[in-house]
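# Examining the three-dimensional arrangement
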Amino acid sequence: MSGKKAMSAENGKMDLSGVTIEDGKVAITEYLSIDLDKETWHCRRCDQNLGSARGPYKEALVVYEREPSEIHDPVIDPEKYAFTYAPDPDWCRIIEYYCPQCATQVEVEYLPPGHPLTLNDLVLDIDSLKARHAGGEA
Ligand SMILES: [Zn+2]
């Protein structure tokens, strides 16, 4: 898969030569693409519509807060020790995001308790992306 894209430091323009286009959609991450005509996020595994590309894709995903020790096993006996090398749930939340249709895990974030979910972690200039693709810029 060639989904790399790079921003040139010299002119601020995005190099689209390595961007993957699938069924008219631009691949943004391993699991997310954008339909530039409809301006919608999509799951790359099942094509589920994940809402407006001008908004946060995470709002359409299923959210699952995990017990940190389920992800990172304790290295030493948790019955004997308070600290086991597993993340301390008083200091770390593990939040997983899944596609609501195919259940592909799209994103994971580690947050301190009380920190809001990072819904706007991927905000793209859709107008610029559309203009560059329409112009055939590569
Ligand atoms: Zn999916």
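Residues numbered from 1 in each chain as written. Predicted model: local features only at pLDDT ≥ 70, side-chain atom pairs only at ≥ 80, totals over all residues.

## What about unusual backbone geometry?
Basically, it comes down to this: Each helix is a run of H or I in the DSSP string that is no shorter than four residues. Each strand is a run of E no shorter than two, and both are numbered from the N terminus.
In this structure, Tyr-85 takes a positive phi of about 80° despite not being glycine. The topology assignment puts Tyr-85 in the loop between α1 (68-71) and β9 (93-98). Phi at Ala-103 is positive, roughly 65°, even though this residue is not glycine. Among the structural elements, Ala-103 can be located in the loop between β9 and β10 (105-111).

## Describing the pairing of β9
Rule in force here: DSSP bridges decide pairing: two strands pair if at least two such bridges lie between them.
Relative to β9, strand β8 (residues 62-66) is paired through five bridges, and the arrangement is antiparallel. Residue pairing for β9: Val-63 is matched across the bridge by Tyr-97. Two strands pair when backbone bridges link them, and β9 and β10 are joined in this way by six bridges, in the antiparallel orientation. Residue pairing across strands places Ile-95 opposite Glu-109, the latter belonging to β10.

## Quick look at the sheet that holds β9
Adjacent strands of a sheet form backbone hydrogen bonds with each other and so pair up, either parallel or antiparallel. Keep this limit in mind: Here an angle of 0 to 180 degrees is reported between the N-to-C directions of two axes, which are lines fitted to C-alpha atoms, with helices fitted over the stretch in contact.
Sheet architecture is open: three strands sit in the order β8-β9-β10, paired in antiparallel fashion. Among the strands making up the open sheet, the edge pair consists of β8 and β10. Each neighbouring strand pair of the sheet contributes to a mean axis angle of 20°, computed without reference to strand direction.

## Quick look at the sheet that holds strand β4 (residues 25-27)
Pairing within the open sheet is antiparallel, and its five strands lie in the order β3-β4-β5-β6-β7. Pairing within the sheet leaves two strands with one partner each, and these edge strands are β3 (21-22) and β7 (49-52). Both strand β6 (residues 40-43) and β7 contribute to a ladder of two bridges, which runs antiparallel. Paired with His-42 across the two strands is Asn-49, which belongs to β7.

## A few points about the nonpolar core
How we decide: When buried Ala, Val, Leu, Ile, Met, Phe, Trp, Tyr and Cys residues are joined through C-beta atoms within 7 Å, the set is termed a nonpolar core. Each residue is classified by how many other C-beta atoms fall within 10 Å of its C-beta atom, where C-beta atoms are placed from the backbone; a count of 20 or more means buried, 12 or fewer means exposed, and values in between mean partly exposed. By definition, residues are in contact whenever their C-beta atoms, placed on the basis of the backbone, come within 7 Å of each other.
Counting 16 residues, the largest nonpolar core has Leu-32, Trp-41, Leu-50, Tyr-57, Leu-61 and Val-106 as its most contacted members. Of all the elements in the fold, those that place two or more residues in this core are β4, β5 (32-35) and β6. If we skip the residues at most four places from it in the chain, Leu-61 touches Leu-50, Tyr-97, Tyr-98, Cys-99, Pro-100 and Val-106.

## Structural notes on the confidence of the model for the chain
Basically, it comes down to this: Confidence scores labelled pLDDT are given residue by residue by the predictor and lie between 0 and 100.
Counting all residues, the mean pLDDT for the chain is 86, and 84% of those residues have values of 70 or more. Segment residues 1-9: pLDDT under 50, and 16 contacts once partners within four positions in sequence are set aside and those in other chains are kept.

## Focus on the environment of Val-62
Structurally, Val-62 is set in strand β8. For Val-62, a count of 13 C-beta atoms within 10 Å gives the class partly exposed. In this structure, the C-alpha to C-alpha distance between Val-62 and Cys-99, residues 37 residues apart in sequence, is 6.3 Å. Residue contacts for Val-62: discarding those within four places in its chain leaves Tyr-98 and Pro-100.

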